Amino acid sequence: MKNINLKLQYLFYFIIIVLSIISIIHSINQANLYSFDFHLSPAKLVSEGINHYQYVLEGKHDGSSEDRLLYSQDGLYGHGLFILLIPFTWLSWDDAKILWALMNVFFSFLIIFLLFYRFKLSKEIILLSICIFYMSTPFRINISYGQQTLFTFLFFLFPFLFKNKTSIVLSGLSYFKYNLGFVIFLYFVSLKNIKKIILSLLPCLIGWFCYSYITNSNLFTNLIEPILILDYFLSKENHLPVTIFSLFTKIGLPKLIGISLPIIFSFYIMLKLKVVKDELLKVAIVCLTCLSFASHQLHDYILLFPLLVFSLKNINLLISKLNLLVIFYFFFFLRILSFFYGFQPWDFPYGKFGYFNNFLTIFVLVININYFIFKKNSKAPLKNFDSV
C-alpha cells in the first residue's frame, strides 16, 4: 500500500511539473503574439525627448491612428521605469516583446529562488509551490501581456529577503508601479527609519532627474506629472480597476476620501507588523495589504505567492486552508469561470466582480491579521485557534 501511495505521489508531481512547463512555454508563445501592456511605446517617446505624461494630459492618447501610445500602454508608472526600458526601444517590437517575456520568466525564477533560499522550506513545499505558481492564471497573464508586475514584485521583496543598504535602495524600484510600491514606502515610514526612507527613494529621484533631462521637462512640474496622469485616468469611468473604496465617489463623497482611507488602513497594518516575528508571514501580509487597498488587475494577484507558500508550510492551521481556497479562486477558478460566462480574465477587476474580488481580498487580510497579530498576542491559548 505504501509503494502504491508513493507511486501515485510521483505521478502527481510528474503531471504538475509537465503542466507547469507547458504553461511557461504557452505564455512565451502568447507574449510573442500580444505583450500589449509592455510599456515600450511610452519609453520610445521618452527616448525621442517627448514627455509621455504631457502627451497623455494633452489628450493625444486617444486611440486614433496618430496615437503613438499603443494598445494598453497608458504610461501609468514612475519616471524610472521608462528610463530602464529605453534600451528595448533599440530593438524591433517583435524582438523587444520576446526579450521582455524571457526576462519576466527570469524574474519569476529569481522570486521563487530567493524566497525559498531565504526561508529554508522543505522540498515538497518548494516543488508544489513552484508548480502552482507557474500553472496559475496571473503568471500566464504577466508573461503573455508583457506586464511589469514581476519586475517590481522582485524588488518589492528585497527588504524582507536581505538586510543591507543595497536591498533598501533596490526596493525603491518597486515604487515605479504605484499600486505596489506605496506599501513598501509606508512600511519604511512605520519603522521610523529616515535613512531607509531616503535610500529607497533614490531610484525614483534618479529616474525623475534623468526623465526631466532627456525630455527637457521642467523639473518641478515633471515631479507631479505621474500623480496628474493617475488623476486623469481616475476621472475616466471604468478605465482603472474598482475597489470598494471606489464606491465613495459613486455616492458623491470627495475623491480624496477614497484615496486617503486605503493609505491610512495600510499604514495602520504596517505599524502592527512590528509584532510579527515570522518574516514569511510578514511578507504575505504586506502583499495582502497591497492587493487590498489599491486597484489591481488580475495579474497583480501573483502577489499571493508568499501567502501560498506560508499556507502550505502551515497547512495544519484552519486559516491556512481558507487562504488556499481564496488563492486557488484567483489563480484558477476565475479563469474557469470565464469560459462559462464569456468574460476574459482582465474583466474581473471591474464591475460587480471587481467589488467582490476586492472585498474577498480584504476579508482574507482581516482574518489573517486577526489570527496572527491580535489573537496570537492576546492571553488566549493558541490551541483554541490552531489545527482542525
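Counting starts from 1 at the beginning of each chain's written sequence and moves along it residue by residue. Under the rules for a predicted model, residues below a pLDDT of 70 receive no local features and side-chain atom pairs below 80 are neither given nor counted, while totals for whole chains, interfaces and linings still include all residues. As a rule here, side-chain values come from all non-hydrogen atoms in the structure, and water together with hydrogens is ignored.

Visitor: Describe helix 7 (residues 137-144), and please don't skip the residues or the numbers.
Guide: Three- or four-residue spacings in an α-helix give side chains the same orientation, since the helix completes a turn every 3.6 residues. A large share of helix 7 lies buried, amounting to seven of its eight residues. Polar contact criterion, stated in full: a pair of N or O atoms within 3.5 Å, where within protein one must be able to donate a hydrogen and the other to accept it, and residues adjacent in sequence count only if both atoms are side-chain atoms. Each helix corresponds to a stretch of at least 4 residues labelled H or I by DSSP, and each strand to a stretch of at least 2 residues labelled E; elements are numbered beginning at the N terminus. The residue sitting at the N-terminus of helix 7 and contributing the capping side-chain oxygen is serine 136; that oxygen lies 3.3 Å from the backbone nitrogen of phenylalanine 139. Among the residues trailing helix 7, glycine 146 stands out with phi positive, at a value near 70°. Throughout this description, buried means an accessible area under 20% of the type-specific maximum (1.4 Å probe, protein chains only), exposed means over 50%, and partly exposed covers the range between.

Visitor: Run through unusual backbone geometry, naming residues and quoting values.
Guide: Here lysine 120, not a glycine, exhibits a phi torsion of approximately 50°, which is positive. With respect to the helices and strands, lysine 120 occurs in the loop between helix 5 (93-119) and helix 6 (123-135). Given the relative accessible area of 64%, lysine 120 is considered exposed. In this structure, lysine 192 is a non-glycine residue whose phi angle is positive, near 55°. With respect to the secondary-structure elements, lysine 192 resides in the loop between helix 11 (178-190) and helix 12 (194-215).

Visitor: Requested: an account of the environment of glycine 207, with residues and values cited.
Guide: Looking at the secondary structure, you find glycine 207 in helix 12. The class of glycine 207 is buried, set by a relative accessible area of 5%. Spatially, the C-alpha atom of glycine 207 lies 5.3 Å from that of histidine 79, the residues being 128 residues apart in sequence. Any pair of residues with heavy atoms lying within 4.5 Å of one another is described as a contacting pair. Dropping the residues within four chain positions of it, glycine 207 is found in contact with His79, Gly80 and Ile83.

Visitor: Which residues make up the nonpolar core, and what values do they have?
Guide: Working definition of a nonpolar core: buried Ala, Val, Leu, Ile, Met, Phe, Trp, Tyr and Cys residues. They are joined through side-chain atoms within 4.5 Å. The biggest cluster of nonpolar side chains holds 119 residues, and the ones touching the most others in it are Phe156, Leu303, Leu304 and Phe330. Sort the elements by how many residues they give to this core and helix 5 lands first, with 11 residues.

Visitor: Can you explain the pattern of salt bridges? Please cite residues and give values.
Guide: Side chains that carry opposite charge are capable of pairing whenever their charged atoms lie near each other. Within this document, salt bridges are pairs made up of a side-chain nitrogen of Lys or Arg and a carboxyl oxygen of Asp or Glu, the two lying within 4 Å of each other. This model, assessed by the stated rule, comprises seven salt bridges. Across the pair glutamate 58 and lysine 60 runs a salt bridge whose closest N-O atoms are separated by 3.2 Å. On the basis of relative accessible area, glutamate 58 is assigned to the exposed category, the value being 52%. With a relative accessible area of 43%, lysine 60 lands in the partly exposed category.

Visitor: Break down the environment of proline 138 for me, citing the residues and quoting the values.
Guide: Topologically, proline 138 is positioned in helix 7. Overall, proline 138 belongs to the buried group, its relative accessible area being 0%. Sequence separation between proline 138 and isoleucine 302 is 164 residues; the distance between their C-alpha atoms is 5.5 Å. Proline 138 has contacts with Leu298, His299, Tyr301, Ile302, Phe330 and Phe331, leaving out every residue within four places of it along the chain.

Visitor: So what about the side chain of asparagine 323? Which residues, and what values?
Guide: Topologically, asparagine 323 is positioned in helix 18 (residues 318-341). With residues near it in sequence (within four places) discarded, asparagine 323 still touches Leu307, Ser311, Val364 and Asn368.

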